[in-house]
Amino acid sequence: MASELDVRARLQRAGQEHLLRFCAELAPGPRAALLAQLEPLEPEALREHCRRAAAACARPPAPAPDLAARLRPLPPERVGSASGVAPQTRRLWEEEGFHQIALNKVAVLLLAGGQGTRLGVTYPKGMYQVGLPSQKTLYQLQAERIRRVEQLAGERYGTRCTVPWYIMTSEFTLGPTAKFFKEHDFFHLDPNNVVMFEQRMLPAVTFDGRAILERKDKVAMAPDGNGGLYCALADHQVLEDMERRGVEFVHVYCVDNILVRLADPVFIGFCVLRGADCGAKVVEKASPEEPVGVVCQVDGVPQVVEYSEISPETARLRAPGGGLLYNAGNICNHFFTRDFLQMVTREFEPLLKPHVAVKKVPYVDEEGNPVKPLEPNGIKMEKFVFDVLPFAKNFVAFQVLRGEEFSPLKNADSAERDNPSTARRALLAQHHRWALQAGAHFLDAHGARLPEQPRDWRCTCKAGSSSPRSSWTWTRPGHCRPDSLLDLPAPGSPRLRMQPRPGLQGGKQAALSSGCRTWTTEALLYYNMWMISCSARLLKPLHRKTSSNC
């Protein structure tokens, strides 16, 4: 380890010697920890980082004056749709995706460097429970979806296949995430196929360009954004690991979307058959004011333009059909070829421009007293995973339905949107739709059939109940009825029955009764009924055979 004199000399070159102002007061252990944290910081890079942060923050956020003239929506030939396409075309995409999965050519990569601070917790967001009756966390839901897509691809092609799960963590989330996975037996995935790696950390900076000391013995650090992925891939030889496994296509996504479809074969197949090196799932913007980035073209080059960079007049422009002209909302859900990621890490990563995030950063004052600021006082510089879109040779976008694939978990329940309640409702409503589409109906405790629930049903928890397994009810204004949900019904809740729909024949018929598993269907979407539970049993659709295991 470098000596204090060496570290001090390096900080002097960076103009950040104030980080050692309490060093003489520290005991040997904390002093060594501070020096170890400071030693890897290159003086020139640190100086430039602090300068750029202060300069970027000083520029008022405003749309570029000529952006509107340079902006264009994506041309139709670059856009596919999960719903607005002929069934045979969708089946072709799905078949190609399953084929690549069966060949072990597909991996998923989770961006999980953030904590659940805005949710009011200090642990990684993937460990959060939104209040599902099953009490499953985001990590568990995602792990089970990986297992299921492996099973379906393997059954379809008569082989055993693996979808490796790469998880990018940060200094804050690596330890808790690794411990959580071990405690839960990796959710029945092979630990060798779950690869965790850590992204870089950058010092937080004051508005006048000084790195912030969080404690006397610790610099305030922050992850370098989800665009730190590209440096992290190189730092930890992740792409080399993918190459050894034969992975050619990578599905990258953020941890907080409870509806995310991992290794979605329709999306994978669409991108592969289009010969894309880079792709993005998008949803239609709910309104011109919705605070999501827009996937579009600037000077003919694909990129994501942040909502704050688009003028209100441009955001409100309408297409000939009446919809928003710039309606492709970015949801941080991407397809990359491994070759493209290798090209980015080798050539283009240094060209990515960091973005400014103004935050409340704890610090010590000049007397060494800890301070938790009430207002933003610091700058965190981040890169975004979508910053590489302009470097793609063949970029495509894939529009999906918001209600089926996008419900982010960003805020605590005190916020109006993107909170645990909205995420929970989105998943339960999706399960309910799937059951109805497959021919299911619900019976109350007396065996009487319940009417279909309208769209405005809300799942709420009875006051004073400590067990979500027995307390969730579907309600609407002026109406309440017994438990009837799909994530994991409590004992004694209404039963879910499946009956053949008129017109369905042979393998498209399905039968399901309470407490038993009986399936003979390929008509369900591949994510659908595997998550539906009945009398605390997980029901899984079987391929060309029936099973009745009560």
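Residues numbered from 1 in each chain as written. Predicted model: local features only at pLDDT ≥ 70, side-chain atom pairs only at ≥ 80, totals over all residues. Heavy atoms only, no water.

Q: How do you make sense of a nonpolar patch on the surface when you look at a structure like this?
A: Residues Phe 207, Val 356 and Val 358 make up a contiguous nonpolar surface patch of about 230 Å² in total accessible area. Within the secondary structure, Val 356 is located in strand β15 (residues 355-359). Look at Val 356 and you get partly exposed, because its relative accessible area is 34%. (Patch = residues over 30% accessible without salt bridge, like charges linked within 9 Å, V, L, I, M, F, W, Y side chains within 5 Å. Areas by Shrake-Rupley, 256 points an atom, 1.4 Å probe, with all protein chains shown as cover. Salt bridge = Lys/Arg side-chain N within 4 Å of Asp/Glu carboxyl O. Helix = DSSP H or I, 4+ residues; strand = E, 2+ residues; numbered from the N terminus. Buried < 20%, exposed > 50% of the residue type's maximum accessible area, 1.4 Å probe, protein only.)

Q: Looking at this structure, how should I read the packing of aromatic side chains?
A: For any pair of aromatic rings, the description rests on two quantities: the centre-to-centre distance and the angle between the ring planes. Per the stated rule, a full pass over the model turns up 15 aromatic pairs. Ring geometry for Phe 336 versus Phe 340: centroids 5.8 Å apart, planes at 15°, classification stacked. Exposure class is identical for Phe 336 and Phe 340. Each is buried. Here the aromatic residues Trp 93, Phe 249, Phe 267, Phe 270, Phe 335 and Phe 398 are joined through ring pairs into a cluster of three or more. (Phe/Tyr/Trp six-rings, centres within 6.5 Å; stacked < 30°, edge-to-face > 60°.)

Q: Which parts of the structure should I look at to understand the pattern of salt bridges?
A: Side chains carrying opposite charge are able to pair once their charged atoms draw close together. All chains considered together, the criterion is met by 27 salt bridges. Between Arg 8 and Glu 4 there is a salt bridge; the shortest N-O distance is 2.9 Å. On the criterion of helical spacing, the pair formed by Arg 8 and Glu 4 is a turn pair, its members being four residues apart in helix α1 (residues 4-14). The exposure class of Arg 8 is partly exposed, given its relative accessible area of 23%. With relative accessibility at 27%, the residue Glu 4 sits in the partly exposed group. We note a salt bridge from Arg 8 to Glu 17, for which the minimum N-O separation is 3.4 Å. The network of salt bridges with common partners includes Glu 290, Arg 402, Arg 417 and Asp 418.

Q: Would you take a moment to explain the side chain of His 18 for this structure?
A: Among the structural elements, His 18 can be located in the loop between α1 and α2 (28-38). Apart from residues no more than four positions distant in its own chain, His 18 is found in contact with Arg 210 and Ala 211. (Contact = heavy atoms within 4.5 Å.)

Q: What is the right way to read the environment of Val 301 from this model?
A: Looking at where Val 301 falls in the secondary structure, it is placed in strand β13 (residues 301-305). Val 301 sits 90 residues away from Phe 391 along the chain, and the two C-alpha atoms are 8.5 Å apart. Non-local contacts of Val 301, meaning those with residues more than four positions away in its chain, are made with Cys 296 and Pro 390.

Q: What is the right way to read α1 from this model?
A: The periodicity of an α-helix, 3.6 residues per turn, causes residues three or four places apart in sequence to face the same way. Where α1 is concerned, the buried positions are Val 7, Leu 11 and Ala 14. Looking straight down α1, one finds that the buried residues subtend no more than 55° of arc, so they occupy a single side. On its buried face, α1 is in contact with α2 and α3 (43-58). Phi turns positive, to about 75°, at Gly 15, one or two residues after α1. (Arc of directions from axis to C-beta.)

Q: For this particular structure, what's the right way to read unusual backbone geometry?
A: Trans peptide bonds make up most of the peptide bonds, and negative phi angles are found at most residues other than glycine. Phi is positive for Asn 104, which is not a glycine, with a value near 65°. In the Ramachandran plot, His 188 falls in the positive-phi region, its phi being about 70° despite a non-glycine side chain. Relative to the helices and strands, His 188 resides in the loop between α7 (174-183) and β5 (194-198).

Q: Sorry, what's going on with the pairing of strand β4 (residues 165-169) here?
A: The side chains of a regular strand alternate, first on one face of the sheet and then on the other. Burial analysis of β4 places five of its five residues in the buried class, which makes it a mostly covered element. By the alternation rule, side chains of β4 split into Trp 165, Ile 167 and Thr 169 and Tyr 166 and Met 168, which are all buried. Handedness of the β-α-β unit built from strand β3 (residues 106-111), helix α6 (residues 138-157) and β4 comes out right-handed. Relative to β5, β4 is paired through five bridges, and the arrangement is parallel. Residue pairing across strands places Ile 167 opposite Met 196, the latter belonging to β5. One crossover worth recording links β4 to the parallel β5 by way of α7, and it is right-handed. (Right-handed = clockwise from strand over helix to strand, strands pointing away. Pairing = 2+ DSSP bridges.)

Q: In this structure, what is going on with the packing of helix α9 (residues 238-245) against helix α12 (residues 338-348)? I would like to understand it.
A: Packed helix pairs are specified by the crossing angle of their axes together with the interaxial distance, meaning the distance between the axes. Taken N-terminus to C-terminus, the directions of α9 and α12 make an angle of 155°; their axes are 11 Å apart at the nearest point. Comparing the axis directions of α9 and α12 gives the class roughly antiparallel. Once α9 is placed against α12, the crossing between them reads as left-handed. Seen from α9, the contacting residues are Leu 239, Met 242 and Glu 243; seen from α12, they are Arg 338, Leu 341, Gln 342 and Thr 345. Residues belonging to the contact of α9 with α12 are distributed by class as follows: three nonpolar, two polar and two charged. (Axes fitted to C-alpha atoms, helices over the stretch in contact; angles between N-to-C directions. Parallel < 35°, antiparallel > 145°, perpendicular 65-115°, else oblique. Left-handed = near helix turned anticlockwise from the far one by under 90°. Nonpolar A, V, L, I, M, F, W, Y, C, P; charged D, E, K, R; others polar.)

Q: Explain the environment of Phe 340 to me, please; I cannot follow it from the model alone.
A: Mapped onto the elements, Phe 340 comes out in helix α12. Once the C-alpha coordinates of Phe 340 and Ala 276 are considered, the two residues, 64 residues apart in sequence, prove to be 9.8 Å apart. When sequence neighbours within four positions are dropped, the list of residues in contact with Phe 340 reads Asp 277, Cys 278, Val 388, Phe 391 and Ala 392.

Q: Even after reading the chapter, I still don't get the nonpolar core, so can you show me in this structure?
A: A general feature of soluble globular proteins is that nonpolar side chains tend to end up buried together. With 46 residues, the main nonpolar core has Tyr 139 and Trp 165 as its most contacted residues. In terms of nonpolar packing, the next biggest core, distinct from the first, is built from 40 residues, Val 250, Val 252, Cys 278 and Val 304 among them. (Core = buried A, V, L, I, M, F, W, Y, C linked by side-chain atoms within 4.5 Å.)

Q: Mind showing me how you'd approach the packing of helix α5 (residues 87-102) against α6 here?
A: Packing of α5 against α6 brings their axes to within 9 Å, and their N-to-C directions diverge by 95°. On the basis of the axis angle, α5 is roughly perpendicular to α6. Contacts between α5 and α6 involve Glu 94, Glu 95, Phe 98, His 99, Ile 101 and Ala 102 on the former and, on the latter, Val 149, Leu 152, Ala 153, Arg 156 and Tyr 157.

Geometry only, nothing functional implied.
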